[in-house]
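A closer look at the structure
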Amino acid sequence: MGLRRVLLLGEGNFSFSAALCGAQGTHVVATCYQSEEEAAGAAGAARSIRRLRDSGAEVVFSVDCTKLEEHFLPGKREFDRIYFNFPHCGRKAGVVKNRQLLAGFFRSCTGVLAQEGEIHVALCNGQGGTPADQPRREWHNSWQIVAVAAGAGFILSDVHPFKAETIEGYRCTGYRSQDKSFCVEGALNHVFTRSTAPLCLTPLSCKAQLGGQKVSFQVPQVLVDKINRGFLEGNSSHPVRTIKERLSAGLSQVFPLHNTSSCLPLLHQGHPPGVCHSNIFWITLSPGEALSTGKMSQGPADTVLFSHFGQDTDKNVQEGCPVPQQLYLRPSLLPHAQAIIKKRAFSPGTLQVLSGPVFRKCRITPHSMPVFHEMLVVLAVSRGTENSCIQMLVDNIQTTLNSLHQGVSGVKPPISLQEATSFGTELNDFAAFEWQLGEIQHFLCVGTDPEPSGSCVGVIRTAPDEFKRHELVVVLASLNLDLLAMLLCGISDWRMLWTWDRRFLRQFPEGELRLFKSFSLYPPSYVHDVSFWLPDGEEFDEVAFHSLARRVSGETVVSIQLKDDFQQPGTGRRSLCYRVTFQSCDRALGCREAAEMQLRFREEIQQQLGVSLR
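Residues numbered from 1 in each chain as written. Predicted model: local features only at pLDDT ≥ 70, side-chain atom pairs only at ≥ 80, totals over all residues. Heavy atoms only, no water.

Worth spelling out the cut-off: UniProt positions are given in the numbering used here, feature names are shortened, and annotations may be inferred rather than shown by experiment.
Naming follows an unreviewed UniProt entry, where the protein chain appears as phenylalanine--tRNA ligase of Sinosuthora webbiana. UniProt, in its Subcellular location (unreviewed entry) section for the protein chain, records the words "Mitochondrion matrix".

Following this line, the structure appears as C-alpha cells:
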C-alpha cells in the first residue's frame, strides 16, 4: 500500500497538522490562506511549522481553498484525505457567504481528491444543519452543508463529534479573523465521499423468447437500469438472493423441492384480466421487429397468455384495453404457475419454486416498487389437507425468517398469517396489486405495523376450480423478496436495493445478511409544486402521473402529495396541485439538478397527459 497523502486547509496555528504529522505511512501537506509572515504571527504557529518541516511534511502558504488545482501540480493532486476544520469567511460573515465558501471548496476538491478519498469538515454546533446537530438550527439559518456538498457531487457518509481534547497540542484559533479561540463544544466532524455519477439512461433494447420466436423490444426508460441485473444468479451476493436461498433450504427440509427460475420468459401477451391498464408496462418492439402469428401458434410452452383465475378477457376488450397481440412485461409469476398446473407438470407433495423479477407500475412511496423479485411456491396437496399444509408452509417460512432476523439484529420479528377478510381497505401496493390477480385467502405479514396490511410481504391463495385436479388442491404462496430484504436488513428505501454504488454490496460479503448502514446520511430534499387544469371530461390517471415522475427524475422523486383539488365555479373545470419532493437515497442530488428535473417534469406532463399548466 502506498503513502497516504493528507491535505489540510485553512490551518490557523498549524497545531492540528502538527498532531497528524507523525503518523506512519502518511504524508502531510499543511496549508493556510495567510502569507507565511501573517501565519507565523499566530501563537504557537512557528513551533508547529518547524515540527511539520522537521518531520518531512510540506507547509504551503497563501492557498485558496476554492482554487486547489492552481496550487498543486497534476502529479501531486491525488489526496486520500482532505481536512478543513472550522471554515469561515472571516469577521462577521453570515451563513450565505459561508455557504458560498463551502460550495467553492467542494467544487475545488473534485480535482484533487482520490477516487476513494474522504473530505473531513469540522463545524461548530448547529452550523451544519443536519439532524446530528443538537440543538438543530432552522434550515435557512444553517450552512446547509449536505446540500452544498451535493452540488459538487459529494455525499455525507459519516458524522461524529469533533473531540478537540483528544488531539495532542491542538488549540483552535481564528475567532473573527483574530488570534483568539472559540467554543468547539458540540462541534461535529462531517465526512464526505464521492457520489456515483448520475446514470445516463440511453435507450436500451432487450431480446426475449416469445413462443417459437425471438424478439427484440424497447425497455421502458424507468427500467433501463434495473433489467437483467442478475440479483438471483448463482454468483450474486445480493440480499434478495440470500433470502431466497435460505427460504428454499428451509422448505426443502419439509417438502421435496424443485427450482424453476432460469427460463421463465419476461414477456406476456394480451392483457391480464382484472388488472388496471395503467399498472402494466406495455412493450414496444424494436424497429423492424414484428410478431409472427405462425410461430406464435406453433411455439413451445414458454409462450404465456395471462389467464388469471376465471376472469373475463372480453370485458377488457370492450372497455378499450389493448388487443391480445400486445406485449407487456410480466407483472407476476402466476401465469407460469398456471402453466405448470395445466400441464400437470408437478408431483403431489413436491414444491415447485419459481423466482424472478416482476414489473408493475405504481405510485411513489418508500415501499412501492416498479420492479421486485418474486418467489412463488406451488404445492399440490390432497383435498382436505390444504389448511394444515398452508400452516406448515407458514411455520417453515416463519422459522427461516426468525433465524435470519435474529442473526442480523438479535431479535425475532413478529410474523403472522392474516385472514384476507380481516384486512381493512388500506393495503400496501404489493397487497393491493395481488388482489387484482385473483382471490386471496391469507396475507403473510412481518413486523409490528399497527395496520397489518402495511407490512404485507406475501400472499397465499388456492387455485380455483378450473385449475384443480379432482383429488388435489393447489396452494400458491407468493413472497416479495425485496420487501423481506428491506425488513430484515433495516433498509428504509427500496431504491437502495438497486443502487450501483458498490458500497451497498460490500456490506453483505458472500451473501451474509447484516443490518444495513447507509453510506449517504441526511440526503437533502427539494420541494416543488406543480398545478394544472385537467382536460375536460377526462379522468386523471394518477399512476401515469407518478410513472412520468419516476422516468423524468431517474427515481429521485421520493414523494408526491395532492395539495389541492379545485373545481372552478361556472365552468366546472378541475385543477389539481401536487407537491413533488426530490431526494436521492444513494447519490448526490443538488438543488440545481432537482430544479431542472422539475422543469422537464412540467413539460412531460403537459405533453403526455394533455394537462394545461397553471
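What follows picks up the thread again.
1. Overview of the overall build of the protein chain
Counted only if it meets this: Helix and strand assignments come from DSSP, with helices taken as H or I runs of at least 4 residues and strands as E runs of at least 2, each series counted from the N terminus. A simple rule labels every residue: compare its accessible area, found with a 1.4 Å probe on the protein chains alone, to the largest value its type can have, and call it buried under 20%, exposed over 50%, or partly exposed in between. Here, residues are in contact when the closest pair of their heavy atoms is within 4.5 Å. With residues, only the protein chains shown are counted as cover, and all accessible areas are computed by Shrake-Rupley using a 1.4 Å probe.
When helices and strands are counted, the protein chain shows 15 helices and 23 strands. Considering the protein chain as a whole, with its 614 residues, one finds that 52% of them fall into the buried category. Sequence separation of at least 24 residues holds for 72% of the intrachain contacts in the protein chain that already meet a minimum separation of 6. Roughly 28100 Å² of accessible area belongs to the protein chain as shown, and the carbon and sulfur atoms make up 48% of that amount.

2. Remarks on the pattern of salt bridges
Oppositely charged side chains can pair when the atoms bearing their charge come close. What counts here: A pair is scored as a salt bridge if a Lys or Arg side-chain nitrogen falls within 4 Å of a carboxyl oxygen belonging to Asp or Glu.
The tally for this structure, following the rule as stated, stands at 18 salt bridges. With a closest N to O distance of 3.8 Å, Glu116 and Arg502 form a salt bridge. With Glu116 in strand S5 (residues 113-123) and Arg502 in helix H13 (residues 502-505), this residue pair connects regions lying 386 residues apart in the sequence.

3. Points about the packing of helix H14 (residues 542-553) against helix H15 (residues 591-609)
Put simply, the rule is: Between the N-to-C directions of two axes lies an angle of 0 to 180 degrees, each axis being a line fitted to C-alpha atoms and, for a helix, fitted only over the stretch in contact. Just so you know how the angles are binned, under 35 degrees is roughly parallel, over 145 roughly antiparallel, 65 to 115 roughly perpendicular, and the rest oblique. Note on convention: the crossing is left-handed when the near helix lies turned anticlockwise from the far helix by less than a right angle, right-handed when the turn is clockwise. Put simply, Ala, Val, Leu, Ile, Met, Phe, Trp, Tyr, Cys and Pro go in the nonpolar bin, Asp, Glu, Lys and Arg in the charged bin, and everything else, Gly too, in the polar bin.
Relative to each other, H14 and H15 sit at 140°, their axes nearing to 9 Å. In terms of orientation, H14 lies oblique with respect to H15. Crossing handedness for the pair H14 and H15: right-handed. When H14 is examined against H15, the residues Ala544, Phe545, Leu548, Ala549, Arg551, Val552 and Ser553 are found in contact with a partner set consisting of Met597, Arg600, Phe601, Glu604, Ile605, Gln608 and Leu609. Looking at the contact of H14 with H15 residue by residue, the class counts come to 9 nonpolar, 2 polar and 3 charged.

4. Re the packing of helix H10 (residues 386-409) against helix H12 (residues 481-489)
At their nearest, the axes of H10 and H12 sit 9 Å apart, and the two run at 40° to each other. In terms of orientation, H10 and H12 fall into the oblique class. Contact with H10, carried on its side by Leu401, Leu404, His405 and Val408, involves Leu484, Leu487 and Leu488 of H12 and no other residues of that element. The residue makeup of the contact of H10 with H12, split by class, is 6 nonpolar, 1 polar and no charged.

5. Focus on H14
Which entries qualify depends on this criterion: By this rule, a helix spans an expected 1.5 Å times one less than how many residues it contains. Under this definition, polar contacts are N or O atom pairs within 3.5 Å; protein pairs additionally need one hydrogen-donor-capable and one acceptor-capable atom, and for neighbouring residues in sequence, both atoms have to be side-chain atoms.
With 12 residues, H14 extends 17 Å between its outermost C-alpha atoms, agreeing within 8% with the 16 Å of an ideal straight helix rising 1.5 Å per residue. Most of H14 sits out of view: 9 of its 12 residues are buried. Taken together, the buried positions of H14 are occupied by Val543, Phe545, His546, Ser547, Leu548, Ala549, Arg550, Val552 and Ser553. Against the buried residues of H14 lie strand S20 (526-533), strand S21 (557-567), strand S22 (574-582) and H15. Of the residues flanking the start of H14, the one acting as N-cap is Asp541, its side-chain oxygen 3.2 Å from the backbone nitrogen of Val543. Directly after H14, the chain includes Gly554, whose backbone phi takes a positive value near 60°.

6. Some thoughts on the sheet that holds strand S7 (residues 188-194)
Our working definition: By this definition, two strands are paired if DSSP reports at least two bridges between them.
The sheet built from 7 strands is open, its strands ordered S3-S2-S1-S4-S5-S7-S6 with mixed pairing. A strand with exactly one partner marks an edge of an open sheet, and here the two such strands are strand S3 (58-60) and strand S6 (154-161). If you compare each strand with its neighbour and ignore which way they point, the axes differ by 20° on average. Both S5 and S7 contribute to a ladder of 6 bridges, which runs antiparallel. Along S7, the bridge assignment pairs Val121 with His190. Across the sheet, helix H4 (residues 95-109) lies against strand S1 (4-9), strand S4 (79-85), S5, S6 and S7, angled at about 160° from S5, the strand it touches most.

7. Quick word on the side chain of His27
On the secondary structure map, His27 appears in strand S2 (residues 26-31). Here His27 falls in the buried class, since its relative accessible area comes to 15%. Beyond its immediate stretch of four places on either side in the chain, His27 contacts Leu3, Arg4, Arg5, Val6, Gly56 and Glu58.

8. Quick word on the pairing of strand S17 (residues 442-446)
Two faces belong to every sheet, and in a regular strand the side chains alternate between them. For S17, a buried count of 5 out of 5 residues is recorded, marking the element as mostly surrounded by other parts of the structure. Side chains His442, Leu444 and Val446 of S17 all project onto a buried face; the interleaved residues Phe443 and Cys445 project onto the opposite face, where all are buried too. Bridge count between S17 and strand S18 (residues 456-462): 4 bridges; the pairing is antiparallel. Across the sheet, Cys445 pairs through a bridge with Cys456, a residue of S18.

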